[in-house]
Amino acid sequence: MISQKQKMKMQQKLTPQQLMLMSLLQLPVTSLEQRIKEEMEKNPMLEVDSNQNTESDYNDTDSRPNDDSNDNDSDFKGIDIDEYYDDDDYSYREREERDKNIETRSYEPGSNESFTESLLRQLAMQNLTEHEHTIATEIIGCIDGSGYLGRDIQLIANDMAFRKGIEVEEAEIEQVLKIIQSFDPAGVGARNLQENLSIQLHRMPSDKTTELAITIVEKYFTHLTNRHYNVLAKSLKVDEATLNAAINKIRHLNPKPGWGREEENRGAHYILPDFIVSNEGDTLSFTLNDRNTPQLQISETYSDLRKELTSKKKNTEEERKTLQFITSKTEAAQQLIEALEQRQQTLATIMSAILTYQKEYFLTGDNRNLLPMKLKDIAEKTGYDESTVSRVVNQKYVQTKYGTILLKELFSKAVVTESGDIKAIKHIKETLKQIIDKEDKSNPLSDEALTAELKSHGYSISRRTVTKYRESMGIPVQRLRKELQA
């Protein structure tokens, strides 16, 4: 028998204003500009306030810009904000270095032709039969963004038979593929790295070094990838200088001939820092980079119309609908303006705390002065929730005199050295990188040897941890770091 029971339960929910603030906090300045423009298109009550001052300068001794700035934040402490919002990937990458004094952004003109369109254009210039053209189009459709043929020849033949009802021999596909592999960029249409390198080498002017490089790639590829240089020199009966010249030629080939082509056609990419840090002596200051972000206000025209309609004793049906529309849009506009102000206050407060915490690092730019710092540390200093701090620092950049860095990279766990000092993991990685940079490249250090070297510097960590740090920095294993001496 089904029974019904009543149960009282307290549940904390975020208001629409708080939800809007959370969504704005996670936006970097580039995405914020676009969001504001979209809101202005949807809401006629919003207009740009041309008289408002956009300068927002703070120094490391400033207190919170407004002591009430995180009152609303206290309403959602302890709540998992991810229940309300998914983390969008507001990824933006650097295309060009910019002078910090330049306020306007410049864009690189780019071709509107995509990678696939480029191949189809080259195909149109070939003297092929209709049957061969059909095969070539199918092949081009199977070439991925890296420039490689993503499907096996047999599968392409099967696809054409089942989907298009065209019987094609594998030898015919191979023949057409050779034509496509003559297209630009060199190496396009290759089925693997070995074939890609071979295609590029065959397109080069013939000389002894190139011929040797072709032999290495086509007959001794396994020894090449494993860097068995002594075996290669012995098998090819060449000295180290000759072998080194051929390997250097191979090393300068493009492993991904199509890589980046599609990205470039989406437009120029750039990094626009969210914070700009400067220092005079030992005093740090920062500016919120909102100079290109429009400052909003409620439209005076619609405000006057609203007052006029409200003051009337009796409105027509059309006037009532107009008044209702203006009222709802005005409330939405006011919520957005207040949320933007709170966003600015929140960002300033959290950045000020980070600047104070990592003062030595910002003064010197030396990773060795980077202190261990967690989201919890900044949350305790500012009174904000950790989820709020996380959204502020995520995908945002800070410009310093030493370069532009991702704000999230300043957060690092603590490691205690043998002498009892507390260091950030980034400090250990920097030390590890310096050790690898100074190693003998003809006989690079193994991870065990790197562990011993770090221990001599006071860092007693396991070999597995060293391997993890090395891989996180994109540094290859010992055998792949081995190089021939010129």
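Residues numbered from 1 in each chain as written. Predicted model: local features only at pLDDT ≥ 70, side-chain atom pairs only at ≥ 80, totals over all residues. Heavy atoms only, no water.

K.L.:
Requested: an account of the overall build of the protein chain, with residues and values cited.
P.N.:
Secondary structure summary: the protein chain contains 21 helices and nine strands in total. Taking all contacts inside the protein chain whose residues are at least 6 apart in sequence as the whole, residues at least 24 apart take part in 70%. Accessible area for the protein chain stands at about 28,100 Å²; split by element, carbon and sulfur atoms hold 46% of it. (Helix = DSSP H or I, 4+ residues; strand = E, 2+ residues; numbered from the N terminus. Contact = heavy atoms within 4.5 Å. Areas by Shrake-Rupley, 256 points an atom, 1.4 Å probe, with all protein chains shown as cover.)

K.L.:
Let's hear about the pattern of salt bridges: which residues, and what values?
P.N.:
Counted by the stated rule, this structure contains 13 salt bridges. Several salt bridges converge on common partners, so that one network encompasses R35, E39 and K42. (Salt bridge = Lys/Arg side-chain N within 4 Å of Asp/Glu carboxyl O.)

K.L.:
Which residues make up a negative patch on the surface, and what values go with them?
P.N.:
Judged by side-chain charge, D152, E167, E169 and E170 come together as a negatively charged surface patch. Within the secondary structure, D152 is located in the loop between helix 5 (130-141) and helix 6 (153-163). (Patch = residues over 30% accessible without salt bridge, like charges linked within 9 Å, V, L, I, M, F, W, Y side chains within 5 Å. Lys, Arg positive; Asp, Glu negative; His and termini not counted. Charge placed at Lys NZ, Arg CZ, Asp CG, Glu CD.)

K.L.:
Quick rundown of unusual backbone geometry? Include the residues and the values.
P.N.:
For residues other than glycine, phi is negative in most cases, and the peptide bonds are mostly trans. Going from D184 to P185, the amide bond is cis rather than trans, its omega being 0°. Position of P185 relative to the elements: it lies in the loop between helix 7 (170-180) and helix 8 (193-202). Even without being a glycine, K237 presents a positive backbone phi close to 55°. Along the chain, the position of K237 falls in the loop between helix 11 (229-236) and helix 12 (240-251). Judged by relative accessible area, K237 falls into the exposed class, the value being 77%. Despite not being glycine, Q395 shows a phi value in the positive range, around 60°. As for its position among the elements, Q395 is in the loop between helix 18 (386-393) and strand 6 (397-400). (Buried < 20%, exposed > 50% of the residue type's maximum accessible area, 1.4 Å probe, protein only.)

K.L.:
Break down the packing of aromatic side chains for me, with residues and values.
P.N.:
One pass over the full model with this rule turns up two aromatic pairs. Plain terms: the ring middles of Y361 and F362 are 5.6 Å apart, the flat faces sit at 70° to each other, and that makes the pair edge-to-face. Judged on exposure class, the residue Y361 and its partner F362 are both buried. (Phe/Tyr/Trp six-rings, centres within 6.5 Å; stacked < 30°, edge-to-face > 60°.)

K.L.:
Could you give me a rundown of the packing of helix 8 against helix 9 (residues 208-219), with the residues and numbers involved?
P.N.:
Running from N to C, helix 8 and helix 9 point in directions that differ by 165°, and their axes come no closer than 9 Å. One way to sum up the angle between helix 8 and helix 9 is to call them roughly antiparallel. In this structure, helix 8 meets helix 9 at a crossing whose hand is left-handed. Contacts between helix 8 and helix 9 involve Q194, L197, S198, L201 and H202 from the former and T210, A213, I214, V217 and E218 from the latter. Considering only residue class, the contact of helix 8 with helix 9 consists of five nonpolar, four polar and one charged. (Axes fitted to C-alpha atoms, helices over the stretch in contact; angles between N-to-C directions. Parallel < 35°, antiparallel > 145°, perpendicular 65-115°, else oblique. Left-handed = near helix turned anticlockwise from the far one by under 90°. Nonpolar A, V, L, I, M, F, W, Y, C, P; charged D, E, K, R; others polar.)

K.L.:
Describe the confidence of the model for the protein chain, listing the residues and the values that go with them.
P.N.:
For any part of a model where pLDDT is low, the fine detail of the predicted coordinates should not be relied upon. The predicted model of the protein chain has a mean per-residue pLDDT of 78, with 79% of residues at 70 or higher. Confidence, read as mean pLDDT per element, is least for helix 3 (residues 71-74) in the protein chain (44) and greatest for helix 17 (residues 375-382) (91). Confidence over residues 63-111 falls short of pLDDT 50; this stretch has 107 contacts with residues more than four positions distant or in other chains. Of the regions scoring below 50 in pLDDT, residues 262-269 engages in 16 contacts with residues more than four places distant in sequence or in other chains. (pLDDT = per-residue confidence, 0-100.)

K.L.:
Account for helix 19 (residues 425-438), with residues named and values stated.
P.N.:
Here helix 19 is 14 residues long and its end C-alpha atoms lie 20 Å apart, about the 20 Å a rise of 1.5 Å per residue gives. Every buried residue belonging to helix 19 is among I425, H427, I428, T431, L432, I435 and I436, and all of these are buried. (Expected span 1.5 Å × (residues − 1).)

K.L.:
Any chance you could break down the pairing of strand 3 (residues 275-280) for me, citing the residues and the numbers?
P.N.:
Pairing analysis gives six bridges linking strand 3 to strand 4 (residues 283-288), with the strands arranged antiparallel. In the strand pairing of strand 4, E280 is matched with T283. Count of turn residues in the strand 3/strand 4 antiparallel hairpin: two residues, of which G281 carries a positive phi of about 70°. Sheet topology note: the strand 3/strand 6 ladder contains two bridges and is parallel. Within the sheet, the bridge partner assigned to I276 lies in strand 6 and is Q399. (Pairing = 2+ DSSP bridges.)

K.L.:
Just give me the short version of the nonpolar core, but keep the residues and values in it.
P.N.:
One recurring pattern in soluble globular proteins: nonpolar side chains tend to sit buried together. M351, I354, F362 and L410 are the most contacted members of the largest nonpolar core, which has 31 residues in total. Breaking this core down by element, the ones donating at least two residues are helix 1 (16-25), strand 3, strand 4, helix 15 (317-357), helix 16 (359-364), helix 17 and helix 18. When residues of this core are assigned to their parent elements, the largest contribution, seven residues, is made by helix 15. Those residues in contact with F362 that sit more than four places away from it in its chain are V277, L284, M351, I354, L355, V398, T400, Y402 and L410. By size, the runner-up hydrophobic cluster in this structure holds 21 residues, among which are F115, A136, V176 and L177. (Core = buried A, V, L, I, M, F, W, Y, C linked by side-chain atoms within 4.5 Å.)

K.L.:
Residue-level account of the environment of I247, with values.
P.N.:
Position of I247 relative to the elements: it lies in helix 12. Residue classification places I247 among the buried positions, given a relative accessible area of 4%. Each C-alpha atom, one on I247 and one on E483, is 9.8 Å from the other, the two residues being 236 residues apart in sequence.

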